[in-house]
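The residues making up each chain are set out below.
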Amino acid sequence: MDLSVIVLLCLCGFLRGQETTDPISLDDCCKDGKERGQESQDCTSLPLISESTTCRIAQEQCCTAVLEDNICTSGINMAKDQGSCDALLSSSTCETKTAKTCCECCLLGRAAQERGLSCDLTLAVWYQCGLVSRACCVDRSPNSDGKPAPELPPSQGDAQNTEDQCKAAGCSQSCFNGSCACLEGYKLKVDGKTCEDMNECLLGSHQCRGGERCINTLGSYRCQRVISCGTGYELTDNNKCKDIDECETGTHNCAAELQCQNTAGSFRCRPRVQCGMGFIQDALGSCIDINECLSVTGPCPSGHMCFNTVGSYTCQRHSVSCGRGYHLNADGSRCVDIDECAGPDNSCDGHGCINLVGSYRCECRVGFIFNSISRSCEDINECRNYPGRLCAHKCENILGSYKCSCTTGFKLAADGRNCDDLNECESSPCSQECANVYGSYQCYCRRGYQLSDVDGVTCEDIDECALPTGGHICSYRCHNTPGSFHCTCPTTGYTLATNGRSCQDIDECVTGTHSCSESESCFNIQGGNKCLNFDCPANYRRSGDTRCERLPCNQTSECLALPVRITYYHLTFPTKIPIPTNIFRMGPSNSALGDDIEVAIVDGNQGGYFGAKRVENGGVLVVQKPIALPQDFEISLEMKLRRFGHLSVYHFKIRLFVTPDELSHISE
């Protein structure tokens, strides 16, 4: 389009200033882009004619300008032919939008002409729309063919001044009366000096007919057929379809021994050599001998035999000779039929025989068929001729008939063809349970047994205790029995639970089975019990089952330094408990603002398994190291409480009994 051409020419001027070393000019690059746009109607993948970036830009922009001119021309033609642009409203592609814009701008120009308005559109439309509108308006104006009025030649008196003015004007093409003018097919640019190509396709001033497409060229245009000529034809310069002579151009595929003959839209391959009498020519041009003796009438007279020769034939009188199944009569004048069934030797080998003129035929028994080539009765293989139709399972051919049989697990039915399922369980093949299935049987075992992998019929006892999950069947000991198992617990301290697998600890302190004296207290642990007692030290009195209170002091420093209270606690837990774990908590019965508490282990932590930690409103005893073996501990904890400036000390005597984590660790 005109606007894109103006932008491209400006770009060319700039790029020429940037790249002066490229041997290919930008005009050549632009020309190549225009030609490829006119030929392929596609600018997306142009082959580059130069490695220069500016050349590539010139190619693409000039190609795009050609495509846009063609698209715009199609929109103008629609406005002129149909007077409407409705057909372009169904799509939103860039091509459709461009064609719709040119179509509607052309309708604006036509509307201005019909109303008698000026063709120079005063609306605030873009430059390209103004050009299209003016072109369509001028095209329909009376006494106007869309071409600019020719310039008048200068007068004789002003010739010298006109020539001087033209030299000063610097016109690119021609000059009249001191003003620049352009040749036909060009128009003057805005600068009044330079001429640019007039796009007749865009302006609608071309003379292309229906079925042709207008393609703009420099200074002119050309009309190209929209529909191609088809195979075997080419488009000439005058836009006509001309037959291609493949024989002359050498584009045929005839073999060396064949000659090319041109036809309308195609060609034919003809043999170079013509065959003589007695021969016929094939498609490859080879000469093949004709067998005249095979003709319907025959070339030889009656009583003669025909013999074919290369390119001809010969006739010979034949003597009396009888063929197979005939013999000469007694006087030797003619051939008579031989009765093959009348002889002592039966040709049909025990089957029925029927004589025919010149031959014979055997009437075969059931299960046989007559072979006309070997002329004998042959056994029919019914199993092969009727597969799957005679027997349910297996078919075996026998002479003159067939025999059916069944696969393993079946027996032949009474009709001799079908097969019934055989109940193998009737013969008791399994050591315990048997289930008949179609065509076979399956052995099963009762609970606690499993089928042998060796023979598949014998049931073997399952050693539940030896299974990978046997360690989880019983919590202590597992004892296998035929078809089952039973669990046991340690002889002392445990009893078997109602589920028959788990071992429950016996609380000897509750059942009264302990051996503690009256002065001792019973403390139950996992798998046993402990008999415990304690005595309060000097200066203390017993105030409960597990507590000793300090006697009133005489306000001496030694007495006041003694613990106010000594409390005994008994704890038990298994080995391998999570580390760390809080097992005991200590603290005052009530708290007061400003309390200061200190906790510490003062005795019994020789192995370093335990630790004391201060927490809010008290302290805790923590297992800080794994205890792998069962053992007993006696830990002495001390808590110091400073309240309102007064110090009080409390002792906690903790007896810890660590029991085994699993019953398997208990020895009987």
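Residues numbered from 1 in each chain as written. Predicted model: local features only at pLDDT ≥ 70, side-chain atom pairs only at ≥ 80, totals over all residues. Heavy atoms only, no water.

- The name an unreviewed UniProt entry assigns to the protein is Fibulin-1, from the organism Sinocyclocheilus rhinocerous.
- Regarding the protein, the relevant UniProt record gives this comment under Sequence similarities (unreviewed entry): "Belongs to the fibulin family."
- Heading Subcellular location (unreviewed entry) of the UniProt record for the protein holds this comment: "Secreted, Extracellular space, Extracellular matrix". (UniProt positions renumbered as here; feature names shortened; annotations may be inferred.)

### Details of the sheet that holds strand β41 (residues 618–623)
Through backbone hydrogen bonds, the strands of a sheet pair up, either in parallel or in antiparallel fashion.
So, point 1. Taking strand neighbours across the sheet as the criterion, the three strands line up as β38-β41-β40 in an open arrangement whose pairing is antiparallel. Each having just a single partner strand, β38 (581–586) and β40 (610–615) make up the two edges of the open sheet. Strand-to-strand, the axes of this sheet are offset by a mean angle of 30°, without reference to chain direction.
So, point 2. Two elements, β40 and β41, share six bridges in a ladder whose sense is antiparallel. By the bridge assignment for β41, G611 is matched with V622. (Pairing = 2+ DSSP bridges. Helix = DSSP H or I, 4+ residues; strand = E, 2+ residues; numbered from the N terminus. Axes fitted to C-alpha atoms, helices over the stretch in contact; angles between N-to-C directions.)

### Some points on the packing of helix α3 (residues 53–82) against helix α4 (residues 94–114)
So, point 1. Packing of α3 against α4 leaves a shortest axis separation of 7 Å and a crossing angle of 45°. As far as their axial angle goes, α4 and α3 are oblique. Relative to α4, α3 is oriented so that their crossing is right-handed. Every residue of α4 that contacts α3 at E68, I71, C72, S74, G75, I76, M78, A79 and K80 is listed here: E95, T98, A99, C102, C103, C106, L107 and R110.
So, point 2. For the contact of α3 with α4, the residue count by class is ten nonpolar, three polar and four charged. (Parallel < 35°, antiparallel > 145°, perpendicular 65-115°, else oblique. Left-handed = near helix turned anticlockwise from the far one by under 90°. Contact = heavy atoms within 4.5 Å. Nonpolar A, V, L, I, M, F, W, Y, C, P; charged D, E, K, R; others polar.)

### Focus on the pairing of strand β5 (residues 212–217)
So, point 1. Of the pairings in the sheet, the one linking β5 to strand β6 (residues 220–225) comprises six bridges and is antiparallel in character. Counted as the bridge partner of C214 is C223 from β6.

### Brief notes about α3
So, point 1. Look at α3: 43 Å from first C-alpha to last across 30 residues, which is about the 44 Å you get at 1.5 Å a residue.
So, point 2. A positive backbone phi angle near 70° is found at G83, which sits one or two residues after α3. (Expected span 1.5 Å × (residues − 1).)

### Quick word on a nonpolar patch on the surface
So, point 1. Nonpolar side chains collect at one region of the surface, where L108, L123 and V125 lie side by side and expose about 230 Å² of accessible area between them.
So, point 2. Turning to its location among the elements, V125 is positioned in the loop between α4 and α5 (127–140). (Patch = residues over 30% accessible without salt bridge, like charges linked within 9 Å, V, L, I, M, F, W, Y side chains within 5 Å. Areas by Shrake-Rupley, 256 points an atom, 1.4 Å probe, with all protein chains shown as cover. Salt bridge = Lys/Arg side-chain N within 4 Å of Asp/Glu carboxyl O.)

### Some details on the packing of aromatic side chains
Here a ring pair, both rings aromatic, is described through the centre-centre distance and the interplanar angle of the planes.
So, point 1. Scanning the model with the defined rule gives eight aromatic pairs in all.
So, point 2. Taking 6.3 Å as the distance between ring centres and 35° as the angle between the ring planes, the aromatic pair formed by Y569 and F652 counts as tilted. Highlighted residues: Y569 in strand β37 (residues 565–574) and F652 in strand β43 (residues 646–659), separated in sequence by 83 residues.
So, point 3. Overall, Y569 belongs to the partly exposed group, its relative accessible area being 31%.
So, point 4. Pairwise contacts between aromatic rings join Y569, F584 and F652 into one cluster.
So, point 5. Taking the ring centre of Y360 as reference, the NZ or CZ of R375 above it sits at 4.7 Å.
So, point 6. Here the basic side chain of K625 rests over the ring of Y609, its NZ or CZ set 5.1 Å away from the ring centre. (Phe/Tyr/Trp six-rings, centres within 6.5 Å; stacked < 30°, edge-to-face > 60°. Buried < 20%, exposed > 50% of the residue type's maximum accessible area, 1.4 Å probe, protein only. Lys NZ or Arg CZ within 6 Å of the ring centre and 35° of its normal.)

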